[in-house]
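Residue-level listing of the chains:
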Amino acid sequence: MFDDLIREEDVAWAAALMGLGPDGFAPVGDDVSRLQAMLRLDTVDFEACPGSGKTTLLVAKLAVLAMRWPHRQQGICVLSHTNAARNEISAKLSHSAAGIVLTRYPHFVGTIHAFVNEYLALPWLRSKGTEVRCVDTQIALAKRWSLLPQNRRWALRQANLSETCLIYENIDYGGGQTGNFGPHTPTYRAIVEARRTSSEQGYFCFDEMFLWANELLDRHPETVSTLRWRFPLVFVDEAQDNSEAQSALLHRLFCHGDAPSRRQRFGDSNQAIYGSPSQRGATSDLFPGAVIHPMPRSYRFGQDLADHVKGLGVTPQALLGAGPPDLLGVDPKAPAIFLFDDGSVQGVLARYGQHLLESFDAAALEKGVFTAVAGVHELGKDDRIPRALGHYAPSYDPVCARRESAPSSFVQYLARARFETAGSGNTDRLVNATAAALLAASELAGGTHGYGSRKSPHRRVAYMLGDSDARADYLALQEIVLTHQGNLSPVIWMAALAHVEGVVRHLSGAAALGGDVITFLAPPQPEALAEGGLANGARSDNLFVYPPDAPQLRIRLGSIHSVKGETHTATLVLDSFYHNHHLSELKPWLLGAKSGGFSTNRRGRQVSEGARMHGRLKLHYVAMTRPTHLLCLAMRKDAFVEDELNTLTNRGWTIIDCTIA
Ligand SMILES: Nc1ncnc2c1ncn2[C@@H]1O[C@H](COP(=O)(O)OP(=O)(O)OP(=O)(O)O)[C@@H](O)[C@H]1O
């Protein structure tokens, strides 16, 4: 059924569609790896270096397949790990008419979580009589915590257990991190009771949906063949990040036993980074598997940048720099290190802004993507400078940047939409953020909207309001949001609030709005013009504008996790602290004294740098391989002695000392 679905004559069309020109996938000399990667449709893993074009390849294949797909009830299943990756694929596909087809029935493009929910867990729970209201770990745990008797909460706090002890690992609500509270103890029984009650009320944590999906497969094994028939071709993006639960379930669904679906996975094991230090990768059906298709060239950056970063790959990769793309008409720049001390840490971003102004012309500054990222973006204690991004930009808001979890207030919904559109004037994000915030407020007020609808939040709200009076409130609210581009001052917010409350009362059916809703609808904080606020260019939407009085560029601030898979013009990687200062620990790699995640000891044996160092290497390998033109680092000046700075200069780094005004 796959013969002739991607033909040689389609390849030039797809390359042009991706903005690569007709030869984008043509052979390079005698290297035909790109062309073959486009044509093959067997089960294979594309494991390749940063910028090798894995996402581009996936989208190009999908565009051709969408055009030629002959089946009406069987579809292509495209799975990604994060919503950010799903959005990137959908946005790229939306450039072609054929691509839009793929985002509809019979195809599926979405996260693994969304797939498991839609096709397995939700229907199964519904068939058992449970209406799922909300799948969100944060919200489910808050519900469960509030269900615990006061004395049990106290006991858990005394035992240093947090709300996460309320996540279960078995369908009898057992398992999980309950510390010393064994099944015979009243506290354990209270934990299980809270888990059960909230689940029966329809509140679930993200990973619990895998348990219910597996229960469906245990009880109805025929589901597997039905889904394989429905999705004969499966693509998995960011495959290196799959957890064991995801990997095992996908293998069981599509690969194990007879008549498997065709599956192509895309990823880079050197870039496997997880949301939290406790998260681990897959232990079965490992990525990459036995059949790997090589793609040795990076089209993101040139050889000079490749040589500076390749040592950080835990498993050394051939990194051939075939970039950068010639979109900006400027040459790549020498990498730079910004040095600072306690007194100058808040001046680093401005110096970076200045360096960008000196390095790029006006057209490149206008078109380019400029970012500053840190491994740790949530400020804990205010010591060990630089602990996190907040030490460089005091008004940085980690919640705004965390794309995977729900914002905790109406104002944060708007701030995140502003951040994601980064001044592009994309009104669609703002409209949907407003609608999503209204739905969240209504949930808190006791409304039930069901879960899993594919409609956009705006369409859902518009449908639910119908011709009611609250519809006028909704339209007035959207007008206020759009007029102010989502940036509402406390005064404007007070004007908008009556409309918000009108809509929320209608959606939820609640006559009065309780404490949770009031907290969610808290007014925005006035922008501090004092030190650390607008005065130094950083704003609550995590954009650093420079120069602050007459902005010529916007620098997007975020965690390294939040920029995975992205391509930037320039990236500044800021040092941060987890057990130690990340970049300071990586100094031997920057100085060229070490390379890769393993070294050879005196007896000739391979010795691992250890799990923590591997995590650090992967995280910063992801960060340092984002830019096309300019890589910058920011580190404490006292991390170096004079000789080391000389070595860096000799290796091609420009040193910029922020301690000198
Ligand atoms: N065949 C190609 N020819 C020229 N440029 C390409 C090609 N494929 C991708 N590119 C360009 O290279 C850059 C990186 O592409 P892409 O994001 O698809 O790489 P990736 O392998 O998914 O990267 P990462 O692993 O870092 O997420 C983009 O700017 C893209 O336009």
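Located above this text is the structure these notes cover.
Residues numbered from 1 in each chain as written. Predicted model: local features only at pLDDT ≥ 70, side-chain atom pairs only at ≥ 80, totals over all residues. Heavy atoms only, no water.

Chemist: Teacher, can you tell me more about the site of the ligand here?
Modeler: Around the ligand there are 18 residues in total, and Gly 24, Lys 54, Thr 56, Arg 300 and Arg 626 lie nearest to it. In this structure, Lys 54 approaches the ligand through a side-chain N or O atom, which is 2.7 Å from an oxygen atom. Arg 626 is positioned such that a nitrogen or oxygen atom in its side chain is 2.9 Å from an oxygen atom of the ligand. Expressed as a share of its isolated accessible area of 640 Å², the protein-covered part of the ligand is 86%. With 3 residues, helix α3 (residues 54–68) is the largest single contributor of residues to the shell around the ligand. The residue makeup of the shell around the ligand, split by class, is 5 nonpolar, 9 polar and 4 charged. (Near = heavy atom within 4 Å. Polar contact = N/O pair within 3.5 Å; in protein donor to acceptor, adjacent residues only side chain to side chain. Areas by Shrake-Rupley, 256 points an atom, 1.4 Å probe, with all protein chains shown as cover. Helix = DSSP H or I, 4+ residues; strand = E, 2+ residues; numbered from the N terminus. Nonpolar A, V, L, I, M, F, W, Y, C, P; charged D, E, K, R; others polar.)

Chemist: Any chance you could explain helix α21 (residues 470–483) here in plain terms?
Modeler: Every α-helical turn comprises 3.6 residues, leaving residues that sit three or four positions apart pointing alike. Taking 1.5 Å as the rise per residue, α21 with 14 residues should run 20 Å; its terminal C-alpha atoms sit 20 Å apart, in good agreement. Every buried residue of α21 is listed here: Ala 470, Tyr 474, Leu 477, Gln 478, Ile 480 and Val 481. Along the axis of α21, the buried positions cluster into a sector of 160°, meaning they face one direction only. Turned more than 90 degrees from where α21 packs its buried face, Ala 472, Glu 479 and Thr 483 sit exposed. (Expected span 1.5 Å × (residues − 1). Buried < 20%, exposed > 50% of the residue type's maximum accessible area, 1.4 Å probe, protein only. Arc of directions from axis to C-beta.)

Chemist: Please clarify how the nonpolar core should be interpreted in this entry.
Modeler: In a soluble, globular protein the nonpolar side chains are often hidden away together inside. Counting residues in each nonpolar core, the largest one holds 53 residues, and the members touching the most others are Phe 115 and Leu 120. If one sorts the elements of this core by residue count, helix α6 (residues 112–127) sits on top with 9 residues. Other than its neighbours up to four places away in sequence, Leu 120 contacts Phe 115, Ala 213, Leu 216, Leu 217, Thr 223, Leu 227, Leu 249 and Leu 253. (Core = buried A, V, L, I, M, F, W, Y, C linked by side-chain atoms within 4.5 Å. Contact = heavy atoms within 4.5 Å.)

Chemist: Help me understand the sheet that holds strand β6 (residues 233–236) in this model?
Modeler: Across a sheet, paired strands are connected by hydrogen bonds in the backbone, their directions being either parallel or antiparallel. With respect to topology, 5 strands assemble into an open sheet ordered β1-β7-β6-β2-β3, the strand pairing being parallel. Every interior strand has two partners, whereas the edge strands, β1 (44–47) and β3 (108–111), have only one. Each adjacent strand pair in this sheet contributes to an overall mean axis angle of 15°, direction not counted. Here 4 bridges tie strand β2 (residues 76–80) to β6, and the two strands are oriented parallel to one another. Looking across to β6, one finds that Val 78 is bridged to Phe 235. The strands touched by α3 within the sheet are β1, β2, β6 and β7 (262–267), with β7 carrying the most contacts at an inclination of about 150°. (Pairing = 2+ DSSP bridges. Axes fitted to C-alpha atoms, helices over the stretch in contact; angles between N-to-C directions.)

Keep in mind these numbers describe shape, not what the thing actually does.
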